[in-house]
Structures are given as structure tokens and as C-alpha cells.
Amino acid sequence: MRLPRVPCPVCGRPIAVAPVEAIGLGAVVDHKQESRRLVLCPGSMRRVPLTRPQGPGRAGGPTAVQQALFE
């Protein structure tokens, strides 16, 4: 399973977001700011809002289709 990625609220790097019990939120996965140090980024394990992926066909959300009921 691939986790969605969002920018870390502290360092700005794209980091994976683990699911939590709250709808629309995710927890930033533990990560280090510097690879050779054992200190985690202060943004680790913070809850952040999940964003929906904006791809081709998802620009602006769902679009309504108008169709006559009886033709």
C-alpha cells in the first residue's frame, strides 16, 4: 500500500502521511531533517489535512452532467 504524500509543515519536504481515525486528517510519518543525525524533524507525527490528488480530470472536483430525464 502506498501512502499519500504531503509537504511537511516544518521542513517542506514531501513526506508520507499515515492514516488516523479522524476523517480528512493524516499523521506525518517520522522523518529526519538530516540523514546522518538521529534527531527527528519537529513536524514528525503531526496531524495534517489530506489533500486530494489533482490529476487530469480532477481539476476542480467532480463535474455535474446535465441530461434530460425523458428524451
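Residues numbered from 1 in each chain as written. Predicted model: local features only at pLDDT ≥ 70, side-chain atom pairs only at ≥ 80, totals over all residues. Heavy atoms only, no water.

Caption draft 1: A look at the sheet that holds strand S4 (residues 47-49). Across the sheet, which stays open at both edges, the four strands sit in the order S1-S2-S3-S4 with antiparallel pairing between neighbours. The open sheet terminates on both sides in strands that have one partner only, identified here as strand S1 (5-7) and S4. Each strand axis lies, on average, 55° off the axis of its neighbour in the sheet, ignoring direction. As defined by bridge partners, strand S2 (residues 14-19) adjoins strand S3 (residues 25-28) across three bridges and the pair is classed as antiparallel. In the strand pairing of S3, Val17 is matched with Val28. (Pairing = 2+ DSSP bridges. Helix = DSSP H or I, 4+ residues; strand = E, 2+ residues; numbered from the N terminus. Axes fitted to C-alpha atoms, helices over the stretch in contact; angles between N-to-C directions.)

Caption draft 2: A look at the side chain of His31. Within the secondary structure layout, His31 lies in the loop between S3 and S4. You can call His31 buried: its relative accessible area is 7%. When residues no more than four places from it in sequence are discounted, the contact partners of His31 are Cys8, Cys11, Arg13, Ile15, Leu40, Cys41, Gly43 and Ser44. (Buried < 20%, exposed > 50% of the residue type's maximum accessible area, 1.4 Å probe, protein only. Contact = heavy atoms within 4.5 Å.)

Caption draft 3: Representation of the nonpolar core in the model. Counting residues in hydrophobic clusters, the biggest one holds seven residues: Val6, Cys8, Ile15, Val17, Val28, Cys41 and Val48. Setting aside residues up to four positions removed in sequence, Val28 forms contacts with Pro9, Ile15, Ala16, Gly43, Ser44, Met45, Arg46 and Val48. (Core = buried A, V, L, I, M, F, W, Y, C linked by side-chain atoms within 4.5 Å.)

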